[in-house]
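Here are the chains, one letter per residue:
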Amino acid sequence: MSAIVTSLIVFACVFGGALFGMLLRAVLPVHHFDDDTKDVIKLGMGLVATMTALILGLLIASAKGSYDTQKSEVAELSAKVIFLDMTLARYGPETKEIRNLVRASMEREIDRVWPKDRARAPQFGPGGSAASPYEKVLGLSPKDDAQRSIKALAFSLMTDIRQTRWLMFVQRGSSFPMLFLVVVVSWLTMIFISFGIFAPRNATVIATLLFCALSVTTAILMILELNTPFEGLIQISPAQLRDTLSLLGQ
C-alpha cells in the first residue's frame, strides 16, 4: 500500500473520529457533560496525547535516521566507484575493458533503482552482471609489485562496493514496526473523538478540526515517505551517481 493511500486512510480515521464525536454529543445524556466529567476526560486525553507525541517523535526519528543512512550509502557508493575507476586507470591500459564494465554496471544499477519509466517499479537487489567486473579484476596478471598492490586495492574496493549495494538492499525495508503506526492512529482517533464530543457544532470548529487532522496526516505521510527513500514523493536523488558516470573513464 502506498504512503499516500495509507495517509488518506489515517485522515479518514482521525477526522472521522471528530465527526463521530459530534454525533455522540447529540445522543449522550446531559449529565455526561458536567464539569467533573470534562476534567477527567481532559486529563485522560492529555495523557494519551503525551504518549502519542512521544511515539510520533520516535517514528519520525527512526524514519529520518533510515533515510539519512541510505542517502549516505549512495554517496559512499559514488565515491568508491570513482576511486575504483581511478585505481584501475593507474594499473594500466589492460583494465580498460573492466572500467567499461564498471560503468555499464552502474548505468544498469541506476536504471533499476530509478527507472526512467515511472510505471516500472524499482528493483533493489544487485544485478547478476555485477560479478563480471569483479571476476575480471581477479583475472588480472600483475607484472610487478606496483600492479599487484593496485590489483589488491581494486579487489578490496569492488568487495566494498558489492557489500554497500547489498546493504542498501537489505536496509530498504520498514525502519519501524507497523504496529507503532496502528497504535498512534488509534490514539489520535480517540483524541479527536474527545474533541468532537465537547466541541460546538459550527463551521469554525469543523474547519479547525479539519486543519488539525490534515496536519497530523501530513506528519504520518512524512514518516511513510522517509521510510521508502528510493520511491515516492521524498526520495533519494540519483544525481550523485549520474555525476559519477560522467567522471568514469577520464
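Keep in mind that this is a model prediction, so the values were computed, not measured.

Asker: I would appreciate a short explanation of the overall build of the chain in the present structure.
Answerer: Of the regular secondary structure elements, the chain holds eight helices and zero strands. Sequence-ordered secondary structure for the chain, helices as α and strands as β, is α-α-α-α-α-α-α-α. Taking 2.2 N^0.38 as the reference for a compact globule, 250 residues should give roughly 18 Å; the C-alpha atoms of the chain span a radius of gyration of 27 Å, well beyond that estimate. Dimensions of the chain along its principal axes, counting C-alpha atoms only, are 95 × 30 × 25 Å. The proportion of buried residues among the 250 residues of the chain is 37%. Partitioning the intrachain contacts of the chain with sequence separation of at least 6 by distance along the chain shows that 81% fall at a separation of at least 24. Carbon and sulfur atoms make up 66% of the accessible area of the chain, which totals about 13700 Å². On the chain, the mean spot of the 24 positive side-chain charges and the mean spot of the 21 negative ones are 5 Å from each other.

Asker: Is there a simple way to think about helix H8 (residues 239-247) in this case?
Answerer: Residue pairs spaced three or four apart in an α-helix point in one direction, given the helix's 3.6 residues per turn. Looking only at H8, the buried set comprises Leu241, Thr244 and Leu245. Angular distribution of buried residues about the axis of H8 spans 100 degrees; they occupy a single face of the element. Structurally, H8 contributes buried residues whose contacts are with helix H2 (35-91) and helix H3 (96-113).

Asker: Is there a simple way to explain the environment of Ser194 in this structure?
Answerer: Note on placement: Ser194 falls in helix H6 (residues 178-198). Owing to a relative accessible area of 9%, Ser194 belongs among the buried residues under this scheme. Taking C-alpha positions, Ser194 is 9.7 Å from Leu24, a pair spaced 170 residues apart along the chain. Setting aside residues no more than four positions away along its own chain, Ser194 makes contact with Ile41 and Met45. Within polar-contact distance, the side chain of Ser194 engages the backbone oxygen of Ile191 at 2.5 Å.

Asker: Please clarify how the packing of aromatic side chains should be interpreted in this entry.
Answerer: Centre-to-centre distance and the angle between the planes together describe a pair of aromatic rings. Within this structure, the stated rule accounts for three aromatic pairs. With a centroid separation of 5.7 Å and 10 degrees between ring planes, the pair formed by Phe11 and Phe15 is classed as stacked. Here Phe11 pairs with Phe15, and both are found in helix H1 (residues 3-27), just four residues apart, close to one helical turn. In this structure Phe15 comes out as buried when scored by relative accessible area, which is 14%.

Asker: Even after reading the chapter, I still don't get the packing of H2 against helix H5 (residues 145-170), so can you show me in this structure?
Answerer: Two quantities define a packed helix pair, namely the angle between the axes and the distance from one axis to the other. Viewed as axis vectors pointing N to C, H2 and H5 meet at an angle of 160 degrees, and their least axial separation amounts to 9 Å. When the axes of H2 and H5 are compared, the pair comes out roughly antiparallel. Handedness of the crossing formed by H2 with H5: left-handed. Within the contact of H2 with H5, the residues separate by chemical class into 15 nonpolar, four polar and seven charged.

Asker: Would you take a moment to explain a negative patch on the surface for this structure?
Answerer: Taken together, the side chains of Asp34, Asp35, Asp36 and Asp39 make up a negatively charged region of the molecular surface. Among the secondary structure elements, Asp34 is positioned in the loop between H1 and H2.

Asker: Honestly, the pattern of salt bridges in this entry has me stumped. Any pointers?
Answerer: Side chains that carry opposite charge are capable of pairing whenever their charged atoms lie near each other. As enumerated under the stated definition, the model contains eight salt bridges in all. Where Arg99 meets Asp85, a salt bridge forms, and the shortest distance between an N and an O atom there is 3.0 Å. Note that Arg99 is positioned in helix H3 and Asp85 in helix H2, a separation of 14 residues in sequence. A relative accessible area of 4% places Asp85 in the buried class. The shortest N-O distance in the salt bridge between Glu97 and Lys136 comes to 3.4 Å. Residue Glu97 is located in helix H3, and its partner Lys136 is located in helix H4 (residues 131-138); the two are separated by 39 residues in the primary sequence. Taking the relative accessible area as the measure of exposure, Glu97 reaches 46% and is therefore partly exposed.

Parameters and conventions
Residues numbered from 1 in each chain as written. Predicted model: local features only at pLDDT ≥ 70, side-chain atom pairs only at ≥ 80, totals over all residues. Heavy atoms only, no water. Helix = DSSP H or I, 4+ residues; strand = E, 2+ residues; numbered from the N terminus. Rg over C-alpha atoms; globule rule 2.2 N^0.38 Å. Buried < 20%, exposed > 50% of the residue type's maximum accessible area, 1.4 Å probe, protein only. Contact = heavy atoms within 4.5 Å. Areas by Shrake-Rupley, 256 points an atom, 1.4 Å probe, with all protein chains shown as cover. Lys, Arg positive; Asp, Glu negative; His and termini not counted. Charge placed at Lys NZ, Arg CZ, Asp CG, Glu CD. Arc of directions from axis to C-beta. Polar contact = N/O pair within 3.5 Å; in protein donor to acceptor, adjacent residues only side chain to side chain. Phe/Tyr/Trp six-rings, centres within 6.5 Å; stacked < 30°, edge-to-face > 60°. Axes fitted to C-alpha atoms, helices over the stretch in contact; angles between N-to-C directions. Parallel < 35°, antiparallel > 145°, perpendicular 65-115°, else oblique. Left-handed = near helix turned anticlockwise from the far one by under 90°. Nonpolar A, V, L, I, M, F, W, Y, C, P; charged D, E, K, R; others polar. Patch = residues over 30% accessible without salt bridge, like charges linked within 9 Å, V, L, I, M, F, W, Y side chains within 5 Å. Salt bridge = Lys/Arg side-chain N within 4 Å of Asp/Glu carboxyl O.

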